[in-house]
Amino acid sequence: MKIALQQARKALELKEVPVGAVVLKKGEVISVGHNLRENLKDPTAHAEMIALRRAAQKLGGWRLLDCHIYVTVEPCFMCASAIIQSRVKKVFFGAFEPKMGGMGSKIDLIKHFKADVEVVSGVCEHESKQLLNDFFVELRKRN
C-alpha cells in the first residue's frame, strides 16, 4: 500500500484526485498507476485502470491470474468491473468511496456478480483519506 500511496501523491502533484494503485503478482510489483483523468482528458484514466492495463501489457494477456491490486480508495463501478473481468485474485483498498464505491459503499459488485475476488478494506485508510481531504481543501481554495 505504501507504493499505492506514493502513486496517489504523484497524482496530487499533477492536481489530479489523489488515487494510486499497484498490481503485484506473487509479491512482485508488476505495474503502478495514478489518476490522470484531467491530464489525459480521459474519463477512464483512473489509477486502477492504468495499473491494470500496464499489468496486462507486461504479463502479455488480459487475465491477471494470481495478481493482487492495492488501491488507496475503493474502486468505482467501472474499476471494480475491470478488476472482476481481469481475474485479479485479491483487492486491498484504503478509504471507502460513499458516492461511487463499487466494493461495498454504494454497491458491492463482487457480491452482486458472485466474483471470485477477495476484498480487504481499510488498509492505510487514514493516510488515504488525508490525501483526499487535503486535495479537496486546496481545490475549494482555488475555486
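Calculation rules
- Residues numbered from 1 in each chain as written.
- Predicted model: local features only at pLDDT ≥ 70, side-chain atom pairs only at ≥ 80, totals over all residues.
- Heavy atoms only, no water.
- UniProt positions renumbered as here; feature names shortened; annotations may be inferred.
- Buried < 20%, exposed > 50% of the residue type's maximum accessible area, 1.4 Å probe, protein only.
- Helix = DSSP H or I, 4+ residues; strand = E, 2+ residues; numbered from the N terminus.
- Pairing = 2+ DSSP bridges.
- Contact = heavy atoms within 4.5 Å.

As annotated in an unreviewed UniProt entry, the chain is tRNA-specific adenosine deaminase from Proteinivorax tanatarense. According to its UniProt record, the chain has this under Sequence similarities (unreviewed entry): "Belongs to the cytidine and deoxycytidylate deaminase family. ADAT2 subfamily." In the Subunit (unreviewed entry) part of its UniProt record, the chain is described as follows: "Homodimer."

A. Quick look at the pairing of strand β1 (residues 20-25). Counting buried positions over the six residues of β1 gives five, a clear majority of the element. Two elements, β1 and strand β2 (residues 28-34), share six bridges in a ladder whose sense is antiparallel. Paired with V22 across the two strands is V32, which belongs to β2. Hairpin connection from β1 to β2: two residues lie between these consecutive antiparallel strands, with K26 at a positive phi of about 50 degrees. Of the strand pairs in this sheet, β1 and strand β3 (residues 67-73) are connected by five bridges, and their pairing is antiparallel. Among the inter-strand pairings, A21 is bridged to a residue of β3, identified as V71.

B. Highlighting the UniProt feature "active site" (unreviewed entry) in the chain. The sites that carry the UniProt feature "active site" (unreviewed entry) are, in the present numbering, E48. Take E48: it is sitting in helix α3 (residues 47-59). Look past the residues within four positions of E48 in its chain and what remains in contact with it is V19, A21, I69, V71, V73, P75, C76 and C79.

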